[in-house]
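Coordinate analysis (summary)
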Amino acid sequence: MTDIRVLVVEDEPIAAAAHAAYVGRLDGFTLAGSAPDGQSALRLMAEFTAAGTPVELVLLDMNLPDLHGLDIARRMRAAGFFADIIAITAVRELNIVRSAVATGVVQYLIKPFTYATFADKLASYRQFRDQLAGPGAAGPGASQSDVDQAFASLRAPSELPLPKGLSVSTLESVQDFIKAQAGAVSASEAMEALGMSRVTARRYLEYLADAGTVSRAARYGAPGRPENEYRWIRPPS
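The structure contained in this document is the topic of the report that follows.

Scoring rules and cut-offs
- Residues numbered from 1 in each chain as written.
- Predicted model: local features only at pLDDT ≥ 70, side-chain atom pairs only at ≥ 80, totals over all residues.
- Heavy atoms only, no water.
- Axes fitted to C-alpha atoms, helices over the stretch in contact; angles between N-to-C directions.
- Helix = DSSP H or I, 4+ residues; strand = E, 2+ residues; numbered from the N terminus.
- Parallel < 35°, antiparallel > 145°, perpendicular 65-115°, else oblique.
- Left-handed = near helix turned anticlockwise from the far one by under 90°.
- Contact = heavy atoms within 4.5 Å.
- Nonpolar A, V, L, I, M, F, W, Y, C, P; charged D, E, K, R; others polar.
- Pairing = 2+ DSSP bridges.
- Core = buried A, V, L, I, M, F, W, Y, C linked by side-chain atoms within 4.5 Å.
- Buried < 20%, exposed > 50% of the residue type's maximum accessible area, 1.4 Å probe, protein only.
- Expected span 1.5 Å × (residues − 1).
- Polar contact = N/O pair within 3.5 Å; in protein donor to acceptor, adjacent residues only side chain to side chain.

1. Here we look at the packing of helix 7 (residues 168–179) against helix 8 (residues 187–194)
Between helix 7 and helix 8, the shortest axis-to-axis distance is 11 Å and the interhelical angle comes to 110°. Comparing the axis directions of helix 7 and helix 8 gives the class roughly perpendicular. For the element pair helix 7 and helix 8, the recorded crossing hand is right-handed. Taking contact as the criterion, the partners of Ser-173, Val-174 and Phe-177 in helix 7 are, on helix 8, Glu-189, Ala-190, Ala-193 and Leu-194. When the residues that make up the contact of helix 7 with helix 8 are grouped by side-chain class, the tally is five nonpolar, one polar and one charged.

Here you go:
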């Protein structure tokens, strides 16, 4: 996969420079440019498209001097710019969030945030792109499983409520364990390593799979009933 070309749209110079620097630190992404307002962003997108190097992802502030972020998103679609949008904003009003989803915003990142949070969001987005462009998507259409797994990758585990009986500290232990493994692990292997019951280990692993943090596949070849194995989904390098 080639690098994803990113346009930062932010009117605060310090924030714009920080977001641009964050993009530069991430593998799989390249900064196409920065724009301080909506009109400049639309003009840059038109210029890049005409040059054959279209913007593929827009990091979009909602409050800009000339246009609201939602207006920019609508004008992008009307002009035929189909870059994905990640909103980066302090705006928290639910009506704005709903409207952002309706206009095609794929992620919503609320200021202030850390670099780690930023990196996690973009890694999830990259995973979403890669899954839709992977070998399973090369045929005439994606399967329901392909689509479900791709959209699940846009959700971080923190965005899914923990089911009753699951704790954050134990979840972190399970995440750390599976992340440290070179290959896939089963619930039985997690049970033995972490000193919990197989049922409990499986609940945490299934939660992480539903959240899109780990992949889930059937393991065959061992005596008895086949069981699932789980593998940490690593961002592409």
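2. Remarks on the sheet that holds strand 3 (residues 57–60)
An order of 2-1-3-4-5 is seen for the five strands of this open sheet, with the pairing classed as parallel. Of all the strands in the sheet, just strand 2 (29–35) and strand 5 (105–110) have a single pairing partner and so form its edges. For this sheet, the mean inter-axis angle between neighbouring strands, taken without regard to orientation, is 20°. By the bridge criterion, four bridges tie strand 1 (residues 4–9) to strand 3 in an arrangement that is parallel. Note on strand 3: the bridge partner recorded for Leu-7 is Val-58.

3. Examining the nonpolar core
If you look at the biggest cluster of nonpolar residues, it comprises 28 residues, and the most contacted ones within it are Met-45, Val-55, Val-58, Leu-60, Met-62 and Met-76. Elements with a minimum of two residues in this core: strand 1, strand 2, helix 2 (38–50), strand 3, helix 3 (69–78), strand 4 (84–89), helix 4 (94–102) and strand 5. Leaving out residues up to four positions away in the same chain, Met-62 has contacts with Leu-67, His-68, Gly-69, Leu-70, Ala-87, Ile-88, Thr-89, Val-91, Ile-96 and Tyr-108.

4. A look at helix 2
Think of an α-helix as turning once every 3.6 residues; residues three or four places apart then point the same way. In this model helix 2 runs 18 Å from its N-terminal to its C-terminal C-alpha over 13 residues, within 8% of the 18 Å that 1.5 Å per residue would give. Residues of helix 2 that are buried include every one of Gly-38, Ser-40, Ala-41, Leu-42, Leu-44, Met-45 and Phe-48, and no others. Close packing links the buried residues of helix 2 with strand 1, strand 2, strand 3 and helix 3. In this structure Asp-37 caps helix 2, since a side-chain oxygen of it lies 3.4 Å from the backbone nitrogen of Gln-39.

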